[in-house]
Amino acid sequence: MSPTGQGGVMDLALEEAESLEKVPGPDTGPREKARSLWSDAWHQLRRNPVFIVSSLMILFLVVISIWPQLIASGDPLHCDLSKSQQGSQPGHPFGYDTQGCDVYTRTVYGARASITVGVCATLGAALLGSALGGLAGFFGGWGDALLSRVADIFFGIPVVLGGLVFLSVVTSTTVWPVVGFIVLLGWPQIARIARGSVITAKQNDYVQAARALGAGNARMMLRHVAPNAVAPVIVVATIALGTYIALEATLSFLGVGLRPPTVSWGIDISNAASQIRNAPHMLVYPAGALSLTVLAFIMLGDAVRDALDPKLR
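Cut-offs and rules
Residues numbered from 1 in each chain as written. Predicted model: local features only at pLDDT ≥ 70, side-chain atom pairs only at ≥ 80, totals over all residues. Heavy atoms only, no water. Helix = DSSP H or I, 4+ residues; strand = E, 2+ residues; numbered from the N terminus. Buried < 20%, exposed > 50% of the residue type's maximum accessible area, 1.4 Å probe, protein only. Contact = heavy atoms within 4.5 Å. Areas by Shrake-Rupley, 256 points an atom, 1.4 Å probe, with all protein chains shown as cover. Salt bridge = Lys/Arg side-chain N within 4 Å of Asp/Glu carboxyl O. Axes fitted to C-alpha atoms, helices over the stretch in contact; angles between N-to-C directions. Parallel < 35°, antiparallel > 145°, perpendicular 65-115°, else oblique. Left-handed = near helix turned anticlockwise from the far one by under 90°. Nonpolar A, V, L, I, M, F, W, Y, C, P; charged D, E, K, R; others polar.

A.B. asks: Help me understand the overall build of the protein in this model?
C.D. replies: The number of helices and strands found in the protein is 11 helices and 0 strands. Sequence-ordered secondary structure for the protein, helices as α and strands as β, is α-α-α-α-α-α-α-α-α-α-α. The 313 residues of the protein split such that 39% are buried. Within the protein, contacts between residues separated by at least 24 positions form 68% of all contacts whose residues are at least 6 apart in sequence. About 17400 Å² of surface is accessible on the protein, with carbon and sulfur atoms providing 65% of the total.

What follows is the structure in structure tokens.
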């Protein structure tokens, strides 16, 4: 190799080395910033068609439960016995029920009671179960043992039979007795999930490091344990919301849940059950609306579970 410049062969070698350093390798270049659990879950959910479809369905149900007048201009309590059990007519696509009430209007207004019961019962059960289960899992001891035994007692109560006994003595026609009963029997499931998540999270190294640095129990619980233990609770609560809506309809069908004049899908299904041969439209539409609502929340829960659990990807 012939020398070039003042340095000769040495200068050429240095130039070649510098040129090699400028060639981008397979691991060079800007790296993508690491995403947290929640940002990664949102990244997955945005690309999941099940999540998109179920979210749109739920958004529509929430909107019509708040403003049913957007798609139904009639009065769900206005009935005309002369039109009893008549089929579809112009302006009344779902026909009339036994009392001559418009089935379409009652189906639209029935979403309000079901969504209210489902959301309020889920929030109540999630808050109560998360608080009790989280504290029991974090501190352990006799409180943990007591919570486990109390939860076992509630798990042994049949839901429908408990509803028949508990709600049969209630005379209120509002949704709150049903919400209270569902919370009463729903919190143990959330508490057990929260307890297991907290026990797992508090054994991580960052929690032990925070304890070694002198962090108090409240700080460790709120800053380190709870944010990393809440994901399973969200998944279970989302799926349970659809189950609670179906439970409300079941109790209303049996006559111990929501009661007239409250408009409910369960009440309409109960009134239509005896007339299914003569006027099947009375049953098909409220039952179909109930099924789609429960399906939407179960689909949403499945999508959230897949996004928050890396093992399922």
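A.B. asks: Teacher, can you tell me more about the pattern of salt bridges here?
C.D. replies: It is possible for side chains bearing opposite charge to pair when their charged atoms get close. In this structure the tally under the stated criterion is 6 salt bridges. The salt bridge partner of arginine 192 is aspartate 152, with a shortest N-O separation of 2.8 Å. Placement of the pair is arginine 192 in helix H7 (residues 176-201) and aspartate 152 in helix H5 (residues 141-155), with a sequence separation of 40 residues. Since its relative accessible area comes to 34%, aspartate 152 is described here as partly exposed. Between arginine 305 and aspartate 306 there is a salt bridge, with its nearest N and O atoms 3.4 Å apart. Taking the relative accessible area as the measure of exposure, arginine 305 reaches 34% and is therefore partly exposed.

A.B. asks: Just to check I follow, could you spell out the packing of helix H6 (residues 159-167) against H7 for this structure?
C.D. replies: Between two packed helices, the angle of one axis relative to the other and the distance separating the axes together describe the packing. Contact geometry of H6 with H7 gives a least axis separation of 11 Å together with a crossing angle of 135 degrees. Considering the angle they form, H6 stands oblique to H7. As H6 packs across H7, the resulting crossing turns out to be right-handed. On H7, the residues that touch Val159, Gly162, Gly163, Phe166 and Leu167 of H6 are Pro177, Val178, Phe181 and Leu185. In terms of residue class, the contact of H6 with H7 is built from 7 nonpolar, 2 polar and no charged.

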